[in-house]
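# Structure assessment
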Amino acid sequence: KGMIKKGIILAGGLGTRMSPITKAVNKQLLPIYDKPLIFYPLSVLMLAGIRDILIIVNEGQLKQFKKILPESKNLGIKINFAQQQYPGGLPEAFIIGEKFIGKNNVALILGDNFFYSQSLTAKLIDCTKLQSGAKVFLHSVSNPSQYGVVKINKKNKVLKIVEKPKKHLSDLAITGLYFFDNKVVEYSKKLKISKRKEMEIIDVLSKYNKKNKLSAELIGRGAAWLDAGTIEDFYNASSFVSALENRQGLKIACLEEIAYSENFISKEQFSKLIYDYPKNDYRDYLETLLSN
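All of the points below concern the structure found in this document. Just so it is clear, the structure is predicted and the values come from calculations on it, not from any experiment. (Residues numbered from 1 in each chain as written. Predicted model: local features only at pLDDT ≥ 70, side-chain atom pairs only at ≥ 80, totals over all residues. Heavy atoms only, no water.)

## Details of helix α11 (residues 281-291)
Because each turn of an α-helix spans 3.6 residues, side chains separated by three or four positions in sequence point in the same direction. To keep it simple, the criterion reads: Only protein chains enter the accessibility calculation, which uses a 1.4 Å probe; a residue whose area is less than 20% of its type maximum is buried, one above 50% is exposed, and one in between is partly exposed. Where helices and strands are cited, they refer to DSSP runs of H or I of at least four residues and of E of at least two residues respectively, numbered from the N terminus. Taken from the helix axis, the directions to the C-beta atoms give the arc we talk about. In what follows, a contact means two residues having at least one pair of non-hydrogen atoms within 4.5 Å. Pairing of N or O atoms within 3.5 Å defines a polar contact, subject to two protein rules: one partner must be a possible hydrogen donor and the other a possible acceptor, and residues neighboring in sequence count only if both atoms are side-chain atoms.
Among all positions in α11, only Tyr-282, Arg-283, Tyr-285, Leu-286, Leu-289 and Leu-290 are buried. The buried residues of α11 occupy an angular sector of 155° when projected down its axis, which confines them to one face. Seen from the open side of α11, the exposed residues pointing more than 90 degrees away from its buried face are Asp-281 and Ser-291. Where α11 is buried, its residues touch β3 (35-36), α1 (39-47), α9 (255-261) and α10 (267-274). A distance of 3.2 Å separates the backbone nitrogen of Tyr-282 from a side-chain oxygen at the start of α11, and that oxygen is part of Asn-280.

Here it is as structure tokens:
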């Protein structure tokens, strides 16, 4: 099942754009409709068939994360945690995770990124087949000047990357989902600190691009990508999930359901997970899946 079997979720950060609600709680633990935000990026890695996962959290917040994602909870995946003292940019994930990555290739997803699309699973599995180089996930946006933007050719090869372009380059923004070969560790360690006083993922991507080793995957039309970094985005993501779940009678990012449908766990293990929940809507939903 592909070449990438390890994934990192970067769930640190100070949540400054969402203060005061992030003063006591990490934003990744706040709810997007009926589940904690962290379930959404975790579900993306699970749908990609990635079962060995490192979650990087802020120092002192480990306990809260373990309450929501107990390592003993059998989802058929292995969750490791690491703590970062202070957010130093995305590439720091590969330095903190160096031992976890070992000699493997790795996927990185940001803890506040939310993806939804009918064809998502197939695209993710395709990306995990990456043997060398790097792959970015792109989505078209109406305000490209706010993002890292790329220009690609017809074969989805990246021609140019610009961070927050002043002149229009394209409307394809780099989302918070990346796939890398093992060189990402070595590249990250050699990065210089930017004006923003952190290591920049765009510098890592540019390095791959100079070597003609960067390609892109488009999430495609009719897909949703939300970066729940501001109150507004957080609210929009919640409304989106609520509308979709209530219209379809399905849940997005229900970890137990994904573990069961991807055959990470047996029917018996699945039924045990159900009874971890008190009698409520979430448990009712899981019970209907069991009886189908």
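## Some words on the side chain of Ser-238
Tracing the backbone through its elements, the reader meets Ser-238 in helix α8 (residues 231-248). Filtering out sequence-adjacent residues up to four positions away, Ser-238 remains in contact with Pro-31, Ile-32 and Tyr-33.

## Focus: a positive patch on the surface
Condition: Only residues whose relative accessible area exceeds 30% and that form no salt bridge enter a patch; like-charged residues are grouped when within 9 Å of one another, and nonpolar side chains (Val, Leu, Ile, Met, Phe, Trp, Tyr) when within 5 Å. Where accessible areas are quoted, they stem from the Shrake-Rupley method and a 1.4 Å probe; at the residue level, only the protein chains shown are allowed to cover. Salt bridges are defined as contacts in which a side-chain nitrogen from Lys or Arg sits within 4 Å of a carboxyl oxygen from Asp or Glu. When charges are counted, Lys and Arg contribute as positive and Asp and Glu as negative, whereas His and the chain ends are disregarded. The atom standing in for a charge is NZ when the residue is Lys, CZ when it is Arg, CG when it is Asp and CD when it is Glu.
On the surface, Lys-183, Lys-192, Lys-207, Lys-210, Lys-211 and Lys-213 cluster together to form a positively charged patch. Tracing the sequence through the fold places Lys-207 in helix α7 (residues 201-210).

## Overview of the packing of α10 against α11
To be explicit about the condition: Axis geometry follows a simple rule: fit a line to the C-alpha atoms, using only the stretch in contact for helices, then measure angles between N-to-C directions, giving values from 0 to 180 degrees. Angles are sorted into four bins: roughly parallel if under 35 degrees, roughly antiparallel if over 145, roughly perpendicular if 65 to 115, and oblique for all others. What makes a crossing left-handed is the near helix being turned counterclockwise from the far one by less than a right angle; a clockwise turn instead makes it right-handed. Gly is put with the polar residues, along with every residue not named as nonpolar or charged; the nonpolar set is Ala, Val, Leu, Ile, Met, Phe, Trp, Tyr, Cys and Pro, and the charged set is Asp, Glu, Lys and Arg.
Contact pair α10 / α11: the axes reach a minimum separation of 10 Å and the direction vectors enclose 160°. In this view, α10 runs roughly antiparallel relative to α11, as classed from their interaxial angle. For the pair α10 and α11, the sense of crossing is left-handed. Across the interface between the two elements, Lys-267, Phe-270, Ser-271 and Ile-274 from α10 touch Arg-283, Leu-286, Glu-287, Leu-289 and Leu-290 from α11. Of the residues assigned to the contact of α10 with α11, the class counts are five nonpolar, one polar and three charged.

## Considerations on the layout of surface pockets
Defined as follows: The way it works is a 1 Å grid over only the protein atoms, where trapped points that fit a 1.4 Å probe form a cavity and open points with protein on both sides within 12 Å along at least five of seven lines form a pocket, and then any residue with an atom within 4 Å of a point lines it. Grid points are joined across faces, edges and corners, and a volume is the space filled by probe spheres set on the points.
Looking at the largest pocket, its volume works out to about 1,400 Å³. Residue lining of the largest pocket: 45 residues in total, with Arg-17, Leu-110, Asp-112, Arg-196 and Asp-227 positioned closest to the centre. At the level of elements, β11 (172-180), α7, β13 (224-227) and α8 are the ones that each hand at least two residues to the lining of the largest pocket. No other element matches β11, which puts four residues into the lining of the largest pocket. Partitioned by chemical class, the residues of the lining of the largest pocket number 16 nonpolar, 19 polar and ten charged. There is about 410 Å³ of room inside the second largest pocket. As for the second largest pocket, its lining consists of 21 residues, of which Leu-47, Tyr-116, Lys-251, Ile-252 and Ala-253 are closest to the centre.

## Thoughts on α1
Across the nine residues of α1, nine count as buried, placing the element largely inside the fold. Of all the positions in α1, only Phe-39, Tyr-40, Pro-41, Leu-42, Ser-43, Val-44, Leu-45, Met-46 and Leu-47 are classed as buried. Count one or two residues on from α1 and you reach Gly-49, which has phi positive near 80°.

## As for the pattern of salt bridges
All chains considered together, the criterion is met by 13 salt bridges. For Asp-34, the salt bridge is made with Lys-251, and the minimal N-O distance between the two is 2.8 Å. Placement of the pair is Asp-34 in the loop between β2 (31-32) and β3 and Lys-251 in the loop between α8 and α9, with a sequence separation of 217 residues. Taking relative accessible area as the criterion, Lys-251 reaches 18% and is therefore assigned buried. Between Lys-35 and Glu-245 there is a salt bridge, with its nearest N and O atoms 2.7 Å apart. Linking Lys-35 in strand β3 with Glu-245 in helix α8, this pair joins segments that are 210 residues apart in sequence. Here Lys-35 and Glu-245 have matching classes, each one buried.

## Re the packing of aromatic side chains
What characterises a pair of aromatic rings is the spacing of the ring centres plus the angle enclosed by the ring planes. Let me state the cut-off plainly: Note on ring pairs: Phe, Tyr and Trp rings are taken, using the six-membered ring of Trp, and paired if centres are within 6.5 Å. Classes follow the plane angle, with under 30 degrees stacked, over 60 edge-to-face and the rest tilted.
In the structure shown here, the tally under the stated rule is twelve aromatic pairs. When the centroid spacing of 5.2 Å and the interplanar angle of 55° are considered together, the rings of Tyr-40 and Phe-114 count as tilted. Here Tyr-40, found in helix α1, pairs with Phe-114, found in strand β7 (residues 113-116); they are 74 residues apart in sequence, far enough to count as distant. For Tyr-40, a relative accessible area of 2% gives the class buried.

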